[in-house]
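Fold and geometry: a report
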Amino acid sequence: EAQVTQNPRYLITVTGKKLTVTCSQNMNHEYMSWYRQDPGLGLRQIYYSMNVEVTDKGDVPEGYKVSRKEKRNFPLILESPSPNQTSLYFCASSFSSPGGHEQYFGPGTRLTVT
Amino acid sequence: ILNVEQSPQSLHVQEGDSTNFTCSFPSSNFYALHWYRWETAKSPEALFVMTLNGDEKKKGRISATLNTKEGYSYLYIKGSQPEDSATYLCAFEGSNYKLTFGKGTLLTVNP
């Protein structure tokens, strides 16, 4: 089954404790992206990657790191999480084509930082 | 940060009504305009991705139009059904392939 998977799905952690949220896709997509969703603010792009070893900042990259060492994986790293990073996080992937990058979303990761 | 505006914020209609929403976006550095449907407790799902000015796309009872010169897109739902209840998101994809989403229109269709 073609899908985007994220792990963990739920996480409660404490301020300052480094964490990684994994994202993997089995569709051979070139484009991958991370979003956060907050009430009243909508979906905001954190980072995106056009292909292996190519990453770019989205609108809200502060406090996050990403890497794209393999085509299928795009982990999101919070080196020192803070309470304002409590949010619902979505990973998405897409083929790179002239017709725009239609996003296929993962199931989401709900993160709480206390 | 780019401004992508959706209106209305929310909408209640009766089953069988037709309805439409608006997405406005910057008219410069345009690459594509996306529409997604997002049901509660699920992930957003793509409806349309449009790139050409004047483009119209249709999927069943849902259709969308695009005007890149003036920076707006309309999403139409004909004969709304309760299962159409969801949040409808538009997203502007710029020439750098970065996506900026609007805050969405929450549609509730009453039986």
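Structure: above.
Here we summarise the structure given alongside this text. (Residues numbered from 1 in each chain as written. Chains lettered and ligands numbered in written order. Predicted model: local features only at pLDDT ≥ 70, side-chain atom pairs only at ≥ 80, totals over all residues. Heavy atoms only, no water.)

**Considering the interface of chain B and chain A**
- Each side of the interface is counted separately: chain B has 21 residues, and chain A has 23 residues.
- Each partner contributes to the roughly 1800 Å² buried at the junction of chain B and chain A, and carbon and sulfur atoms together form 59% of this total.
- Put simply, chain B and chain A have one salt bridge between them.
- A salt bridge links B:K98 to A:D59; its shortest N-O distance comes to 3.0 Å.
- At the junction of chain B with chain A, the criterion picks out 10 residue pairs in polar contact (both at pLDDT 80 or more).
- The set of elements that each furnish at least two residues to the side of chain B that touches chain A consists of β4 (30-38), β5 (45-50), β9 (86-94) and β10 (99-101) of chain B. (Contact = heavy atoms within 4.5 Å. Buried area = accessible area lost by both parts, 1.4 Å probe. Salt bridge = Lys/Arg side-chain N within 4 Å of Asp/Glu carboxyl O. Polar contact = N/O pair within 3.5 Å; in protein donor to acceptor, adjacent residues only side chain to side chain. Helix = DSSP H or I, 4+ residues; strand = E, 2+ residues; numbered from the N terminus.)

**Let's talk about the layout of surface pockets**
- By volume, the largest pocket amounts to about 950 Å³.
- Those elements giving two or more residues to the lining of the largest pocket turn out to be β4 (31-38), β5 (42-51) and β9 (87-94) of chain A together with β1 (5-7), β9, β10 and β11 (105-110) of chain B.
- In terms of residue class, the lining of the largest pocket is made up of 17 nonpolar, 15 polar and nine charged.
- Within this model, the second largest pocket holds a volume of roughly 290 Å³. (1 Å grid on protein atoms, 1.4 Å probe; cavity = no way out; pocket = protein on both sides within 12 Å on 5 of 7 lines; lining within 4 Å. Points joined across faces, edges and corners; volume = space filled by probe spheres on them. Nonpolar A, V, L, I, M, F, W, Y, C, P; charged D, E, K, R; others polar.)

**Points about the sheet that holds strand β7 (residues 62-67) of chain B**
All names here are of chain B.
- Strand order across the open sheet formed by five strands is β1-β3-β8-β7-β6, with antiparallel pairing between neighbours. If you trace the sheet from one side to the other, it starts and ends with β1 and β6 (56-59), each paired once. Put simply, the sheet's adjacent strands are angled 15° from each other on average, direction ignored.
- In this sheet, strand β3 (residues 19-24) lies alongside β1 in antiparallel orientation, the contact comprising three bridges. Directly across from E5, in β3, lies its bridge partner S24. (Pairing = 2+ DSSP bridges. Axes fitted to C-alpha atoms, helices over the stretch in contact; angles between N-to-C directions.)

**A word on the packing of aromatic side chains**
- All told, the structure shown has 16 aromatic pairs over all chains when counted by the stated rule.
- With centroids separated by 5.3 Å and ring planes inclined at 40°, the aromatic side chains of B:F21 and B:Y88 adopt a geometry described as tilted. With B:F21 in strand β3 and B:Y88 in strand β9, this pair connects stretches of sequence that are 67 residues apart.
- Taking the relative accessible area as the measure of exposure, B:F21 reaches 0% and is therefore buried.
- Aromatic ring contacts, followed pair by pair, group A:Y35, A:F90, A:F105, B:Y36, B:W38 and B:F101 into a single cluster.
- We note B:K59 situated over the ring of B:F48; from NZ or CZ to the ring centre the distance is 5.9 Å. (Phe/Tyr/Trp six-rings, centres within 6.5 Å; stacked < 30°, edge-to-face > 60°. Buried < 20%, exposed > 50% of the residue type's maximum accessible area, 1.4 Å probe, protein only. Lys NZ or Arg CZ within 6 Å of the ring centre and 35° of its normal.)

**Description of the state of the cysteines**
- Applying the stated rule across the entire model yields two disulfides over all chains.
- Each disulfide pairs two cysteine sulfurs, and for A:C23 the partner residue is A:C91, the sulfurs being separated by 1.8 Å. Here the disulfide of A:C23 and A:C91 is left-handed, its torsion about the S-S bond being about -70°. On the criterion of sequence distance, the pair formed by A:C23 in strand β3 (residues 19-25) and A:C91 in strand β9 is long-range, its members being 68 residues apart. Accessibility assignment for this pair places A:C23 and A:C91 in one class, buried.
- The residue that forms a disulfide with B:C23 is B:C90, at a sulfur-sulfur distance of 2.0 Å. Its S-S torsion of approximately 75° makes the covalent link between B:C23 and B:C90 right-handed. (Disulfide = S-S within 2.5 Å.)

**Concerning the side chain of A:E30**
- In this fold, A:E30 is placed in the loop between β3 and β4.
- Leave out the neighbours within four places in its chain, and A:E30 touches A:S49, A:M50, A:N51, A:R68, A:K71, A:S94, A:F95 and A:S96.

Keep in mind these numbers describe shape, not what the thing actually does.
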